[in-house]
Amino acid sequence: MIFVTPPAEKLQYFFGVFLHFYIGVAKIAADRILAIVIPDAAPTRRMILAARKAEKLIDASYGRKTRSVLVMDNGFVVLSSVQPETLVTRLKE
């Protein structure tokens, strides 16, 4: 049996571009991200509380300090322990 790996362009077409937003294997679809913000601002904290109340909060910080908040197009809010600058750099790669 011969396995042929499709070119990267075709894989990107089928699976989209994923952002590696944690030290482990956690990845998220980059085209679904609306904003990457810091969690220290009061409006961001209110958004996190509202998402928690609506059960649309994903805490992917794994017990570490939350350093960035990813706002998704479907209303979900994802907490990450990676700096926003690092995430933007990874998106540009």
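It should be emphasised that the depicted structure is a prediction, and the values quoted were computed from it without experimental measurement.

The rules we used
Residues numbered from 1 in each chain as written. Predicted model: local features only at pLDDT ≥ 70, side-chain atom pairs only at ≥ 80, totals over all residues. Heavy atoms only, no water. Buried < 20%, exposed > 50% of the residue type's maximum accessible area, 1.4 Å probe, protein only. Helix = DSSP H or I, 4+ residues; strand = E, 2+ residues; numbered from the N terminus. Pairing = 2+ DSSP bridges. pLDDT = per-residue confidence, 0-100. Contact = heavy atoms within 4.5 Å.

**A word on the pairing of strand β5 (residues 68-72)**
A large share of β5 lies buried, amounting to five of its five residues. In β5, alternate side chains face the same way, and those of Ser-68, Leu-70 and Met-72 on one face and Val-69 and Val-71 on the other are all buried. Sheet analysis places strand β3 (residues 33-37) next to β5, joined by four bridges and oriented antiparallel. Its bridge partner being in β5, Val-37 is matched across the sheet by Val-69. When β5 meets strand β6 (residues 77-80), the two strands line up antiparallel, connected through four bridges. Counted as the bridge partner of Leu-70 is Val-78 from β6. A loop of four residues connects β5 with β6, the two strands running antiparallel in sequence, and Gly-75 in this loop sits at a positive phi of about 95°.

**Some points on the confidence of the model for the chain**
Here the chain averages 79 in pLDDT, and 72% of its residues register 70 or above. This stretch, residues 1-15, has a pLDDT under 50; its non-local contacts, to residues over four places away or in other chains, come to three contacts.

**Quick notes on the environment of Tyr-62**
Along the chain, Tyr-62 falls in the loop between β4 (57-59) and β5. Note: C-alpha distance between Tyr-62 and Leu-79 (17 residues apart in sequence) is 9.3 Å.

**Some remarks on unusual backbone geometry**
In the Ramachandran plot, Glu-55 falls in the positive-phi region, its phi being about 60° despite a non-glycine side chain. In this structure, Glu-55 sits in the loop between α2 (42-53) and β4. Positive phi, close to 55°, is recorded for Tyr-62, a residue that is not glycine.

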